[in-house]
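Spelled out from the first residue to the last, the chains are:
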Amino acid sequence: TLLNMDELRSLYTGSVTYAPNGKRITGIVISDRNTNNLNNQNIFIQQGNGLAGICVRFTAAHSFNLGDSIDINVTGQELSEFNGLLQLNNVPLAYANRVATGKSITPRTATFAAIQTNFRAWESTLVRIVNITSLVGGTSGRWNGSVTMTDATGTLVAFTSSAASFASANFPAT
């Protein structure tokens, strides 16, 4: 039986819990494994435009690509937090199947204040920020490390792994 991602997320109430038996979720991959910014066992999926998302940590490296539509059996799978991020943890790779390719999610355009206000609801979803006024940190004006981004409404820190294909890219001029 298909479980709505909001329903799955709501099962977590602050301590490790497990998804009910006979349930599965579907979503579109919004993380790009080819950039090497994530551990190769992690993936972010979003149910649809404006809908919930979640981080899935598999027990082995996955081969799902950005834009793949996948179906995951969540029966008995652990819901927990890692550094404040809600995740479906230790999911056997065999529990996930690619259903389609070439799908996309339209990012939600938001401010940093809106992201902070809606953090839990928007966590693990695709968000586009416009009108950033300042980028500070990283490594010598490059994305590697923690970068504090500021817009007219507040700040947010983004972290880029040194292994990411874009870690050595310069910040944009504007």
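Data block above holds the structure.
This section reports on the structure supplied with the text. Computed from a predicted model, the values in this text were never measured in an experiment.

### Thoughts on the pattern of salt bridges
Then, number 1: Under the counting rule described, the total for this entry stands at 5 salt bridges.
Then, number 2: Residue D71 is joined to R24 by a salt bridge in which the shortest nitrogen-to-oxygen separation is 2.4 Å. Taken together, the residues span a long stretch of sequence, with D71 in strand β5 (residues 69–73) and R24 in strand β2 (residues 24–29) at a distance of 47 residues.
Then, number 3: With relative accessibility at 16%, the residue D71 sits in the buried group.
Then, number 4: D68 serves as the salt-bridge partner of R98, at 2.7 Å between the closest nitrogen and oxygen. Linking R98 in strand β8 (residues 96–100) with D68 in the loop between β4 (53–58) and β5, this pair joins segments that are 30 residues apart in sequence.
Then, number 5: Residue class for R98 comes out partly exposed when judged on its relative accessible area of 38%.
Then, number 6: Beyond isolated ion pairs, a larger network of salt bridges with shared partners links R9, E81, R120 and E123.

### Comments concerning the sheet that holds strand β6 (residues 78–82)
Then, number 1: If you trace the 8 strands from one edge of the open sheet to the other, you get β1-β6-β7-β4-β3-β2-β5-β8, paired in mixed fashion. What marks the edges here is a single partner per strand, and that holds for β1 (17–18) and β8.
Then, number 2: In terms of strand pairing, β2 meets strand β3 (residues 42–46) through 2 bridges, oriented antiparallel. Looking at the pairing, I28 lines up with Q46 of β3.

Here is what the cut-offs are and how they apply
Residues numbered from 1 in each chain as written. Predicted model: local features only at pLDDT ≥ 70, side-chain atom pairs only at ≥ 80, totals over all residues. Heavy atoms only, no water. Salt bridge = Lys/Arg side-chain N within 4 Å of Asp/Glu carboxyl O. Helix = DSSP H or I, 4+ residues; strand = E, 2+ residues; numbered from the N terminus. Buried < 20%, exposed > 50% of the residue type's maximum accessible area, 1.4 Å probe, protein only. Pairing = 2+ DSSP bridges.

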